[in-house]
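# Coordinate analysis (summary)
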Amino acid sequence: MSILGTRVVRTEDPLFLTRGATYTDDLVDERLRGAAYVTFVRSPIAHGRITSIDTSAAAGAPGVVAVFTAADTEGDGGLSPLPPPLPMFTKGMDRPPFAKDTVRFVGDIIAAIVTEDRYQGEDAAELVDVDIDPLPAVVDPRKALDDEVLLFPEAGTNTIFTIPGEFDDSVFDDCDVVVTREIVNQRLAAAPMEVRASAAVWGEDGRLTTWISNQAAQMAKAALVAALAVDADKVRVITPDTGGGFGAKIGADLEVCLVAWIAGKIGRPLRWVETRSENLVGMTHGRDQVQTIKIGGNRDGKVLAYRLDVIQDSGAYPLFGALLPALTFSMATGVYAIDRLQFRSRSVATNKTSVAAYRGAGRPEAAAAIERAMDLFAAEIGMDPVEVRHRNLLPPEVFPYKTKGGSLYDSGDYAAALKMVTDEVDYPKLRQEQAERRARGDVVQLGIGVSVYVEVTGGGDESGAPKENATVEVHPDGTVTVLTGTSPHGQGHQTAWSMLVSDQLGIPLDRITVKYGDTDLIPEGGGTMGSRSLQQGGVAVHEATTELVQIAKARAAELLEANVDDLVVDTDRAAITVAGVPTTAITFAQLAEKEKLSVRKVFTAPGATFPFGAHIAIVEVDTESGKAELRRIVTVDDAGTILNPLLFDGQRHGGIAQGVAQALYEEVLYDDDGNPLTSTFAAYPFLSATEVPSFDLLRMQTPTPYNPLGAKGIGEAGTIGATPAVQNAVVDAVSHLGVRHIEMPTTPERVWTAIQDATGGQA
């Protein structure tokens, strides 16, 4: 019986749950003996002109080894400004290593202090005297488009990147009903459990070794090589255990580059770990789109045209966040057959923390927009939102299907997913209960929200089709080592990759070691992001193991004097035997004793895959206080073949919780001067288990034809489906009072205000 598809308990958990994993800040390594500590001095002003920096008092403080500012990065051996990561972005928006003349957000780095003791750095940082003449700040991305306040005057604009689109209103001419509304997909903090951290040391051979809490060692190395302007063979990146990333730990942040550079300048190993407040203002944020939707169709429920106009707030310095609208565009029409799509986006710089990838990265924004639009359209024509969706879903026979946004959907059955969740909750009965509460005028009203989504996982990039490598080696002692270019930070790769090997070789899971995140050991790899790991990294492990079995059979045939076609794998004994003659056998370990038994395989996928699903959320809203509580959420998340239901559902749990958090609680806020208002967990309403019910997880499996496992990505699906379902549910609870929309997060204040606005204060 195959182990694949079974609920195998995570083999890595005993380590995490007993003596603890080794995170970057926990490292005990001889190379870091005598390490000093780095503390960054950050701007308290969102936008201003630096008139002077006096570090003399800090330099004389107890324990201070050195102080660095912009002046130290100039000349030979200096550090050049970091250009925007993509060539299509507007030129002239480089980020200097240290703010020299201008600060552009609260958190901009002005100086770095190196101290013998970590806490001496915090004291010394307060002694750095920085004079900043405040400049007007631009916080609203809509105002940033006006270019009245420029972050980079030399660029002449705040616009970083655009997807141009011509808006022709004639596409709505034959629609019975047209609905237009601006909605905001708010700014979120990634807030991983482990904040950012790094350690760095330069060896006597002139090589840098740096440990980084990161999702992709190989990408981090490439960023460091570029930033430090050194040869690739001079840098080694190691990622210890990583406590969450959610997309915000891709690449090498400026802080990581500075720690490495300073370590070289002072010839001493260094460590850096940020505080939680530093993380909330210094680590990249996610989402932050202002979307204007326009949807039109007929009163029979058929949608004919859809327009999405996006303004992407990219923060102070252009990063991947400026490109998020491209992903939003590709998924704009979601699961629906809409013939006419118009799209435009403009990504702008503002005096806020930069935006980058965050769980879903552009796809949740697309799903939120189209799912809100479908509910607005349904309300306008007076049709049940589930029925409207059924009348517009793409049928299962259309796949592969090329969307108006350019995506090529591989497989799906959206109607089946929607039917499954509505059947599970007894949708008609819920609507009946809702009607009864409304008829009685209950204070607490029932809201039912639905979303049907499709997303893209495991896409390629400008370098070509998506690919990943793996090496599987059997050792003479019967153990196995797997090298993978992916990099776990909570996903359970040790368990999953071991299952893939054990399934074919019969070697027990506890005899298999998975290694990752060391660029000397695994020079190539794409890391873990975009829900790519299983469908590329896992498949590479599977194919390497398959080839290893074939090699083993060929060697066994010679040793056993048998025809290779007569040989089979006996997984009970981790051996190769002659079919029908079980006494004639040789184990994989015995074969490895005679000759190295190892295979490296690169799997290249034909393209991205498109997981899908349906979520239905049931909320109760107190119409007097505005407080919304999630009572139940039922989801189908179809990501193709399921390797391990325990890991699969774990990913769904985390994703759904984050999606619910966006709909109900989380938002990064700034005041009009660009001062962050949510820089601690006391102010940023981070969701905990007490705020959500148990999830009802239904199961569908529609394998993709793009890989031999039939697997798609599941890492971000829950986030994409849950957010619009919960937001729609909150609006639905008070829609009978005339409310049509409530921005996220749907806080009690926003819900109460929406009710008062709709009823003229009579509710």
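Owing to the predicted nature of the structure, the values given are computational and were not obtained by experimental measurement.

Attention shifts here to the nonpolar core. Counting 76 residues, the largest nonpolar core has Tyr-306, Tyr-409 and Tyr-414 as the members making the most contacts within it. Ranked by the residues each element gives to this core, the list is headed by helix H9 (residues 363–381), at nine residues. Excluding its chain neighbours within four sequence positions, the residues that come into contact with Tyr-409 are Met-331, Gly-334, Leu-394, Phe-399, Pro-400, Tyr-401, Thr-403, Tyr-414, Val-454 and Phe-610. Membership of the second largest hydrophobic core comes to 43 residues, among which are Val-501, Leu-509, Leu-548 and Ala-605.

Now for the sheet that holds strand S23 (residues 575–578). With antiparallel pairing, the three strands of this open sheet are ordered in space as S22-S23-S24. Every other strand in the sheet has two partners, leaving strand S22 (567–570) and strand S24 (581–587) as the edge strands with one partner each. Each strand axis lies, on average, 40° off the axis of its neighbour in the sheet, ignoring direction. Alignment of S22 against S23, held across four bridges, turns out to be antiparallel. Considered in S23, the bridge of Leu-567 is made with Val-578. Where helix H14 (residues 533–560) meets the sheet, its contacts fall on S22, S23 and S24, and the angle it forms with S22 comes to roughly 115°.

Turning next to the sheet that holds strand S5 (residues 109–115). An order of S3-S5-S1-S12-S9-S10-S11 is seen for the seven strands of this open sheet, with the pairing classed as mixed. The sheet is open, and its two edges are formed by strand S3 (64–68) and strand S11 (235–238), each paired on a single side. Across the sheet, the axes of successive neighbouring strands diverge by a mean angle of 20°, strand direction being ignored. Of the pairings in the sheet, the one linking strand S1 (residues 36–42) to S5 comprises six bridges and is antiparallel in character. Residue pairing across strands places Thr-39 opposite Ile-113, the latter belonging to S5.

With that out of the way, let us pick up the packing of helix H16 (residues 645–664) against helix H17 (residues 717–733). Axis separation between H16 and H17 bottoms out at 7 Å; the angle between their running directions is 35°. In this structure, H16 meets H17 at a crossing whose hand is right-handed. For the pair formed by H16 and H17, the contact residues are Arg-652, Gly-655, Ile-656, Gln-658, Gly-659, Val-660, Gln-662, Ala-663 and Leu-664 on the first element and Gly-718, Thr-719, Ala-722, Thr-723, Val-726, Gln-727 and Val-730 on the second. A per-class count over the contact of H16 with H17 returns seven nonpolar, eight polar and one charged.

For a regular strand, side chains alternate in direction, first toward one face of the sheet and then toward the other. Strand S18 (residues 444–454) sits mainly inside the fold: 10 of its 11 residues count as buried. As defined by bridge partners, S18 adjoins strand S26 (residues 612–622) across 11 bridges and the pair is classed as antiparallel. When the bridges of S26 are listed, Leu-446 appears paired with Glu-620.

Under the 1.5 Å per step criterion, the end-to-end length of H9 is 27 Å for 19 residues, consistent within 8% with the ideal 27 Å. The element H9 is extensively covered by neighbouring structure, given that 17 of its 19 residues are classed as buried.

Turning to its location among the elements, Gln-662 is positioned in helix H16. Excluding its chain neighbours within four sequence positions, the residues that come into contact with Gln-662 are Asn-185, Gln-186, Leu-188, Arg-287, Thr-723, Met-744 and Pro-745.

In this section: the packing of aromatic side chains. Scanning the entire structure with this criterion turns up 11 aromatic pairs. Summarising the aromatic geometry, the rings of Tyr-401 and Tyr-409 are spaced 6.3 Å apart at their centres and angled 45° between planes, so their arrangement reads as tilted. Residues Tyr-401 and Tyr-409 agree in their burial class; the two are buried. When the ring of Tyr-409 is compared with that of Phe-610, the centres are 5.0 Å apart and the planes differ by 45°; the resulting orientation is tilted. Here Phe-610 lies in the loop between strand S25 (597–604) and S26 and Tyr-409 lies in strand S17 (residues 408–409), a separation of 201 residues in the sequence. Residue classification places Tyr-409 among the buried positions, given a relative accessible area of 0%. Three or more aromatic residues joined by ring pairs make a cluster, and in this case those are Phe-105, Phe-152 and Tyr-317. The side chain of Lys-294 reaches across the aromatic face of Phe-172, ending 4.9 Å from its centre.

What counts and what doesn't
- Residues numbered from 1 in each chain as written.
- Predicted model: local features only at pLDDT ≥ 70, side-chain atom pairs only at ≥ 80, totals over all residues.
- Heavy atoms only, no water.
- Core = buried A, V, L, I, M, F, W, Y, C linked by side-chain atoms within 4.5 Å.
- Buried < 20%, exposed > 50% of the residue type's maximum accessible area, 1.4 Å probe, protein only.
- Helix = DSSP H or I, 4+ residues; strand = E, 2+ residues; numbered from the N terminus.
- Contact = heavy atoms within 4.5 Å.
- Pairing = 2+ DSSP bridges.
- Axes fitted to C-alpha atoms, helices over the stretch in contact; angles between N-to-C directions.
- Left-handed = near helix turned anticlockwise from the far one by under 90°.
- Nonpolar A, V, L, I, M, F, W, Y, C, P; charged D, E, K, R; others polar.
- Expected span 1.5 Å × (residues − 1).
- Phe/Tyr/Trp six-rings, centres within 6.5 Å; stacked < 30°, edge-to-face > 60°.
- Lys NZ or Arg CZ within 6 Å of the ring centre and 35° of its normal.

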